[in-house]
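Chain by chain, the residues:
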Amino acid sequence: MRAGGYIMLMTGWVLAIACSGNKPPSKIIQPHEMGNILFEISMAEEFVSVYVAKDSSKNKDVELQKEYQKIFLLHGVTEAKFEKSYSYYRSHINMFKVMMDS
């Protein structure tokens, strides 16, 4: 095996070990699902700021809360579970970065 092969093998081994310990607790929304929720929240915030804000008869904050609740209902999570999960990922910045980059 050439030196490049050894380097790739060792890199793969190190990554496998490093990633195996980076799983959130079962009470936390798992990374893929959390990423989807955060994406949908981003889209909802954009929708409210671009379209709903133009309607002076609507309260932007109330409408945004309605959108959040729809997203939580769709994913079967409570706002409290989302907040707990979000805090968890914010305190585990490496996991948060990977989740946000994906």
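Treat the numbers as computed from the prediction; the structure is a model and nothing was measured.

Definitions and limits used
- Residues numbered from 1 in each chain as written.
- Predicted model: local features only at pLDDT ≥ 70, side-chain atom pairs only at ≥ 80, totals over all residues.
- Heavy atoms only, no water.
- Helix = DSSP H or I, 4+ residues; strand = E, 2+ residues; numbered from the N terminus.
- Expected span 1.5 Å × (residues − 1).
- Buried < 20%, exposed > 50% of the residue type's maximum accessible area, 1.4 Å probe, protein only.
- Contact = heavy atoms within 4.5 Å.
- Polar contact = N/O pair within 3.5 Å; in protein donor to acceptor, adjacent residues only side chain to side chain.
- pLDDT = per-residue confidence, 0-100.

Enquirer: How do you make sense of helix α3 (residues 60–75) when you look at a structure like this?
Expert: Because each turn of an α-helix spans 3.6 residues, side chains separated by three or four positions in sequence point in the same direction. Between its first and last C-alpha, α3 extends 23 Å over 16 residues, near the 22 Å set by a 1.5 Å rise per residue. Along α3, the residues classified as buried are E63, L64, E67, Y68, I71, F72 and H75. Contact partners of the buried residues in α3: α2 (31–50) and α4 (79–91). One side-chain oxygen of the residue at the start of α3 lies 2.8 Å from the amide nitrogen of D61, identifying that residue as N59. Where α3 terminates, the next one or two residues include G76, which has phi positive at roughly 65°.

Enquirer: Help me understand the confidence of the model for the protein chain in this model?
Expert: Atom-level detail of predicted coordinates should not be read off regions where pLDDT is low. Mean pLDDT over the protein chain works out to 82, with 79% of the residues at or above the 70 mark. This stretch, residues 1–20, has a pLDDT under 50; its non-local contacts, to residues over four places away or in other chains, come to 1 contact.

Enquirer: Just to check I follow, could you spell out the side chain of E67 for this structure?
Expert: Considering the arrangement of structural elements, one finds E67 in helix α3. Classification of E67 by relative accessible area gives buried; the value is 17%. Once residues within four sequence positions are removed from consideration, E67 is found in contact with A44, F47 and V48.

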